[in-house]
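Fold and contact review
Listed below, chain by chain, are the residues.
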Amino acid sequence: MTFAGELLTRGSFREIRKALDDRKISALQLCEESLRRLQMGQAQINGFITLLENEARVQARLADEKIQTGETHPLLGIPIAIKDNILIKGTPTTAGSKMLENFIAPFDSHVAQRLRQQGAVFVCKTNMDEFAMGSSNENSFFGSVKNPWNLKCVPGGSSGGSAAVLAARMVPLALGSDTGGSIRQPAAFCGIPGLKPTYGRVSRWGLISYASSLDQIGPMATDIEGLSALLDAISDFDPKDSTSSISSSKQNLFEEFRKNENETSLEGLRIGIPIEFFNQSGLDPQVSAMVRHEIEFLESRGAERVEISLPSLKYSVAVYYLIATAEASSNLSRYDGIHLGVRDGQLEKLEDIYSQSRSQGFGPEVKLRILLGTFALSKGSYENYFKKAAQVRRIISDDFSQAFEKCDLILGPTSPFEAFELGGRGQSNPIEMYLADVFTLGPNLAGLPAMSVNIGYSDINLPLGMQIIGPKFSEKKMIFLSQVLEKLKPQHSRVSPFCKIWEGS
Ligand code: GLN
């Protein structure tokens, strides 16, 4: 294997950064290896929708010029995969939909602008569930993504492409988006860390909207140091996003990571364990046992365990699927064949254009959700459904605030189960799939940061994730906890079986 290959397969973010700074490898060599792997693994993984070959080479050469002059920055010259609902100027951006099959982004999203300024190299746009609606990546117009831990299994969704290209060690960093768990759940299924930031920390400018009051772009990576560098790079106050927070850029998480690197004590950290998380029906006993085991381990390192209650957990699936679909039905009204979207040039009547564009452009899950959301907002239903959901959302948020009076962070499973087989869930009843999100929805409804970290492997060698939820803007604490775990449990950072393909290539 080449040095670039070694670095991508086994190198930590620190090692990759150092190799670039010491000029043991060029950004272009790293970029070529990343592109080669993406291409070579595509038939099996289907992780990307567009490969950005030319753009990536231009960015890599630019990064090399800067490195030559002694310039350094955490992301300079590092290959990164970007979920295909995030706009990169001049490149196709489909959101996993036929509706946007031919759409070329006319401008850079705010996060792309930031990453460009900081010298990251965009290698591909990753596959995803259509308009970020899904928990398995089986809803993409461009076909399902496969999990590098077992190609018969889903990688999770909707940022499944980003999680899969990381687990296949094709890139060290990726961006996902999370409306109800779409970063954390695929991170858990693919054995990598992923973080959904506090609502307002990262600008949504240039993110294709699903449900605007819940959507956040966030970092996914092969290790916590990479994750913290990427989170820093994208955290920024942006006046173009009216919900962007002024507190966004006030922490330096990467510096903090390096400062804490020899710290292994969790003395003084109060970890809240919600009883409802472990009484949840459908929770796989193996997942429950592993998370409990991890909590005991944290106690042995000095953390104080506090029993807490989130009684409104039972409402979160209903509340989320009303609010998210209502917002989606409004956000997706712009795809009408006139402003945006596919259009057959033969039609003349406005109504025919609308109906043809929307019936051909959207896939079945998106149509189902538009119907649900339109119903929830319609006269009569608005009071009975949408308004009530908005009220219960407030109760969910209050439950978290009360819990955080007793603890610093809340821990529990990310998903009730490990990655399941393609076609194995929600085929006859979509609600079965929606229940996969039971633990991840609350933080989005309450605007809180939450992340998933790998805590081991099931009896069939599939990764299992633990979720860490914190109060608003507590990412620093969450990263510290995950950093300690990563250091003390290196056995939880295995490389997926798919990576065998790189040996001898
Ligand atoms: N699985 C959830 C849904 O389908 C969450 C998706 C997301 O976070 N984008 O809505």
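Here goes a summary of the coordinates provided. None of these values were measured; they are calculated from a predicted model.

1. Regarding the overall build of the protein chain
The secondary structure content of the protein chain amounts to 18 helices and eleven strands. For the protein chain, the C-alpha atoms occupy an extent of roughly 65 × 55 × 45 Å along the three principal directions. For the protein chain, the residues scored as buried account for 62% of the 505 residues in total. Accessible area of the protein chain: about 18800 Å², with a carbon and sulfur share of 52%. Of the charged side chains in the protein chain, 53 are positive and 57 negative, and the gap between their average positions amounts to 2 Å.

2. Here's the deal with unusual backbone geometry
Looking along the chain, the bond that leaves Gly 157 and enters Ser 158 is cis, with omega of 5°. Summarising the element assignment, Ser 158 is placed in the loop between β3 (121-126) and α6 (160-167). If you check the backbone angles, Phe 131 has positive phi at about 50° while not being a glycine. Relative to the elements of secondary structure, Phe 131 occurs in the loop between β3 and α6. Residue Phe 131 is classed as buried on the basis of its relative accessible area of 2%. For Arg 169, which is not glycine, the phi torsion reads 55° and is therefore positive. Topologically, Arg 169 is positioned in the loop between α6 and β4 (173-178). Classification of Arg 169 by relative accessible area gives buried; the value is 10%.

3. Here we look at α6
Because each turn of an α-helix spans 3.6 residues, side chains separated by three or four positions end up pointing in the same direction. With eight of eight residues buried, α6 lies mostly within the body of the structure. Within α6 the residues assigned to the buried category are Gly 160, Gly 161, Ser 162, Ala 163, Ala 164, Val 165, Leu 166 and Ala 167.

4. Overview of the packing of aromatic side chains
The tally for this structure, following the rule as stated, stands at 16 aromatic pairs. Arranged with centres 5.0 Å apart and planes meeting at 50°, the rings of Phe 131 and Tyr 335 form a pair that is tilted. Note that Phe 131 is positioned in the loop between β3 and α6 and Tyr 335 in the loop between α12 (316-331) and α13 (350-361), a separation of 204 residues in sequence. Each member of the pair, Phe 131 as well as Tyr 335, is classed as buried. With centroids separated by 5.9 Å and ring planes inclined at 85°, the aromatic side chains of Phe 189 and Phe 420 adopt a geometry described as edge-to-face. Here Phe 420 lies in the loop between β9 (409-413) and α16 (430-434) and Phe 189 lies in helix α7 (residues 184-190), a separation of 231 residues in the sequence.

5. Describing the site of the ligand
What surrounds the ligand is a group of 15 residues, the closest being Thr 179, Gly 180, Ser 182, Tyr 210 and Tyr 320. Between the ligand and Gly 134, the relevant distance is 2.9 Å, taken from an oxygen atom to a main-chain nitrogen or oxygen of the residue. One of the side-chain N or O atoms of Ser 135 is found 2.8 Å from a nitrogen atom in the ligand. Burial of the ligand by the surrounding chains reaches 100%, relative to a free accessible area of 290 Å². For the shell around the ligand, the class distribution of residues is five nonpolar, seven polar and three charged.

6. Side note on the environment of Arg 201
Inspection of the secondary structure assignment puts Arg 201 in the loop between β5 (194-196) and β6 (216-221). Along the primary structure Arg 201 and Leu 231 are separated by 30 residues, whereas in three dimensions their C-alpha atoms are 9.5 Å apart. Among the polar contacts made by the side chain of Arg 201, one reaches the side chain of Ser 235 at a distance of 3.1 Å. Separated by 3.0 Å, the side chains of Arg 201 and Glu 475 make a polar contact.

7. Description of helix α18 (residues 475-488)
Taking 1.5 Å per residue, 14 residues should reach 20 Å; α18 reaches 20 Å between its end C-alpha atoms and fits that length. Of the residues making up α18, those classed as buried are Glu 475, Met 478, Ile 479, Phe 480, Leu 481, Ser 482, Gln 483, Val 484 and Leu 485.

8. What about the pairing of strand β10 (residues 450-457)?
Summarising burial for β10: eight of the eight residues are buried, a large majority. When β5 meets β10, the two strands line up antiparallel, connected through three bridges. Opposite Leu 195, over in β10, you have Met 451 as the bridge partner. Bridge count for β10 against strand β11 (residues 463-469) is seven bridges, and the pairing is antiparallel. Bridge pairing in β11 links Met 451 to Ile 468. The antiparallel hairpin formed by β10 and β11 contains five residues in its connecting segment, where Asn 461 sits at a positive phi of about 60°.

9. Digging into the state of the cysteines
Under the counting rule described, the total for this entry stands at zero disulfides. As a non-bridged cysteine, Cys 499 has Cys 190 as the owner of its nearest cysteine sulfur, 11 Å distant.

10. Points about the packing of helix α11 (residues 285-300) against α18
Their axes nearest at 12 Å, the elements α11 and α18 cross at an angle of 95°. In terms of orientation, α11 lies roughly perpendicular with respect to α18. Between α11 and α18, the residues in contact are Glu 294, Phe 297 and Leu 298 and Leu 481, Leu 485 and Leu 488, respectively. The residue makeup of the contact of α11 with α18, split by class, is five nonpolar, no polar and one charged.

11. A short note on the pattern of salt bridges
Enumeration according to the criterion identifies 26 salt bridges in this entry. We note a salt bridge from Asp 178 to Arg 184, for which the minimum N-O separation is 2.8 Å. In this pair, the class of Asp 178 matches that of Arg 184, namely buried. A salt bridge links Asp 408 to Lys 477; its shortest N-O distance comes to 3.8 Å. One end of the pair, Asp 408, is in the loop between α15 (381-406) and β9; the other, Lys 477, is in helix α18, and 69 residues separate them in sequence. Residue Asp 408 is classed as buried on the basis of its relative accessible area of 13%. The partly exposed category is assigned to Lys 477, whose relative accessible area is 39%.

Calculation notes
Residues numbered from 1 in each chain as written. Predicted model: local features only at pLDDT ≥ 70, side-chain atom pairs only at ≥ 80, totals over all residues. Heavy atoms only, no water. Helix = DSSP H or I, 4+ residues; strand = E, 2+ residues; numbered from the N terminus. Buried < 20%, exposed > 50% of the residue type's maximum accessible area, 1.4 Å probe, protein only. Areas by Shrake-Rupley, 256 points an atom, 1.4 Å probe, with all protein chains shown as cover. Lys, Arg positive; Asp, Glu negative; His and termini not counted. Charge placed at Lys NZ, Arg CZ, Asp CG, Glu CD. Phe/Tyr/Trp six-rings, centres within 6.5 Å; stacked < 30°, edge-to-face > 60°. Near = heavy atom within 4 Å. Polar contact = N/O pair within 3.5 Å; in protein donor to acceptor, adjacent residues only side chain to side chain. Nonpolar A, V, L, I, M, F, W, Y, C, P; charged D, E, K, R; others polar. Expected span 1.5 Å × (residues − 1). Pairing = 2+ DSSP bridges. Disulfide = S-S within 2.5 Å. Axes fitted to C-alpha atoms, helices over the stretch in contact; angles between N-to-C directions. Parallel < 35°, antiparallel > 145°, perpendicular 65-115°, else oblique. Contact = heavy atoms within 4.5 Å. Salt bridge = Lys/Arg side-chain N within 4 Å of Asp/Glu carboxyl O.

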